[in-house]
Amino acid sequence: YGNFIDALRLYVRGGTGGMGYPRLGGEGGRGGDVWFVAQERTTLKTIRDRYPQKRFIAGTGANSSVRSLKGEKGEDCEVHVPLGISILRDDGKQIGELNAAGERFLAARGGLGGSLTTNFVPCKGQKRIVHLDLKLIADVGLVGFPNAGKSSLLSKISHAKPEIADYAFTTIQPKLGKIMYSDYKQISVADLPGLIEGAHVNKGMGHKFLKHVERTKQLLLVVDISGFQLSVKTQFRTAFETILLLTKELELYKEELLTKPALLAINKMDLPCAKNNLNELMKQLQNPQDFLHLLQEEIIPANTLEFKDIIPISTYTGEGIDELKECVRKSIDKEAEQENEEYRKKKLLLLQTSE
């Protein structure tokens with residue numbers, strides 16, 4: 001999976017409290033806490049490289065003494081983590097998530113200092129194993145089978161430099177790029193590892209890919225107009241079948257993914273017969289029900305994706321790239337307007353109810 005890390009297991013322990021002072025009723029300081037703090041430009045790889053032991057222990061509380069009957073609190077331990085982190089217990093249950101810079105999560109609480117209630121004996125801090133699970137946050141997620149041209153598309157629309165080659169699995173780790181517009185607007189795009197049939201049951205990149213789709217605001221499906229075949233042992237799929245299969249994989253992994261706004265980029269329009277194939281595909285997409293009876297039942301999704309725009313492109317010649325960038329911008333702006341409108345309505349409703 002390359003140098004990209006999207007899961008990390010850590011040991012965290014709050015600090016032990018300080019000793020009490022029985023003769024004068026002095027109270028020891030509380031142990032320090034362990035906090036996870038979301039910070040931009042941080043990766044899980046940075047954490048692993050900087051702290052190879054993957055152990056985070058907060059400071060011990062100060063003992064109570066004649067000079068200071070109330071002991072000082074132990075030093076907190078802050079761990080900087082990337083945005084888009086889910087925090088899981090060792091049993092897999094999610095206990096928190098951090099999505100914006102500056103958000104904090106209390107991972108392990110420090111122990112109480114020794115006092116009259118504890119017979120002046122300090123308590124140990126909370127200790128546990130936690131798992132950090134990263135899901136990339138991006139405006140647009142590129143979804144497609146291997147070799148559909150997602151990496152080439154990312155290099156055309158942004159300044160990202162992903163590896164591009166003529167074999168299927170060039171993208172074995174997610175890559176982030178930004179589309180820059182003339183008015184300085186930026187839209188982040190995630191190129192995610194290629195899906196294969198059966199990804200929802202963790203075949204191939206499986207869940208390592210699909211979990212990153214969850215946090216993208218919109219989907220951009222990239223499909224090869226000439227169809228797709230992973231290897232000589234697997235079945236050839238037309239562009240129409242490819243779209244259905246991608247939809248099916250997303251649906252089987254998590255149905256909510258199909259509620260995201262989606263665009264469709266039909267790539268490799270520079271190939272011979274591409275125009276004829278496109279005409280055929282457009283007919284199939286306009287009336288999918290007329291063609292479903294010709295296909296195997298297992299590749300047909302229960303629900304179909306509604307595409308806001310269908311854009312024929314060629315990453316080789318640059319055809320349709322500018323139009324695609326404009327469609328992405330229009331779709332993102334429209335979504336932001338709707339969110340703002342919903343927010344305004346909620347605020348208005350709260351004001352009316354409070355009155």
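Treat the numbers as computed from the prediction; the structure is a model and nothing was measured.

### Structural notes on the environment of Arg215
For Arg215, the location among the structural elements is in the loop between helix H3 (206-213) and strand E12 (216-224). Through-space distance from the C-alpha of Arg215 to that of Gly141 is 8.8 Å; in sequence the pair is 74 residues apart. Other than its neighbours up to four places away in sequence, Arg215 contacts Gly84, Ile85, Ser86, Glu97, Asn99, Lys135, Leu136, Ile137 and Ala138. In terms of polar contacts, Arg215 uses its side chain to reach the backbone carbonyl oxygen of Gly84, at 2.9 Å. Within the structure, the side chain of Arg215 is placed 3.3 Å from the side chain of Ser86, a separation counted as a polar contact.

### A short note on helix H6 (residues 321-354)
Over its 34 residues, H6 runs 50 Å from end to end, which matches the ideal 50 Å to within 8%, given 1.5 Å per residue. Turning to H6, its buried residues number three or more, namely Ile321, Leu324, Lys325, Cys327, Val328, Arg329, Ser331 and Ile332.

### Quick look at the confidence of the model for the protein
For the protein, the average pLDDT comes to 86, and 90% of its residues sit at 70 or higher. Counting interchain partners and residues more than four positions distant, the pLDDT-below-50 stretch residues 162-172 has 31 contacts.

### Focus: the packing of helix H4 (residues 239-253) against helix H5 (residues 274-286)
Two elements in contact, H4 and H5, have axes separated by 9 Å at closest approach and are oriented at 40°. One way to sum up the angle between H4 and H5 is to call them oblique. Residue-level inspection shows Ala239, Phe240 and Ile243 of H4 in contact with H5, the latter providing Leu281, Gln284 and Leu285.

### Points about the nonpolar core
In this structure, Val34, Phe36, Leu132 and Leu250 are the most contacted members of the largest nonpolar core, which totals 58 residues. Top contributing element to this core by residue count: H4, with seven residues. In terms of domain composition, this core takes at least three residues from each of domain 1 (7-134) and domain 2 (138-339). When sequence neighbours within four positions are dropped, the list of residues in contact with Leu250 reads Val143, Leu210, Val213, Leu219, Glu255, Leu257, Leu258 and Leu305.

Calculation notes
- Residues numbered from 1 in each chain as written.
- Predicted model: local features only at pLDDT ≥ 70, side-chain atom pairs only at ≥ 80, totals over all residues.
- Heavy atoms only, no water.
- Helix = DSSP H or I, 4+ residues; strand = E, 2+ residues; numbered from the N terminus.
- Contact = heavy atoms within 4.5 Å.
- Polar contact = N/O pair within 3.5 Å; in protein donor to acceptor, adjacent residues only side chain to side chain.
- Expected span 1.5 Å × (residues − 1).
- Buried < 20%, exposed > 50% of the residue type's maximum accessible area, 1.4 Å probe, protein only.
- pLDDT = per-residue confidence, 0-100.
- Axes fitted to C-alpha atoms, helices over the stretch in contact; angles between N-to-C directions.
- Parallel < 35°, antiparallel > 145°, perpendicular 65-115°, else oblique.
- Core = buried A, V, L, I, M, F, W, Y, C linked by side-chain atoms within 4.5 Å.
- Domains from an automatic or database assignment.

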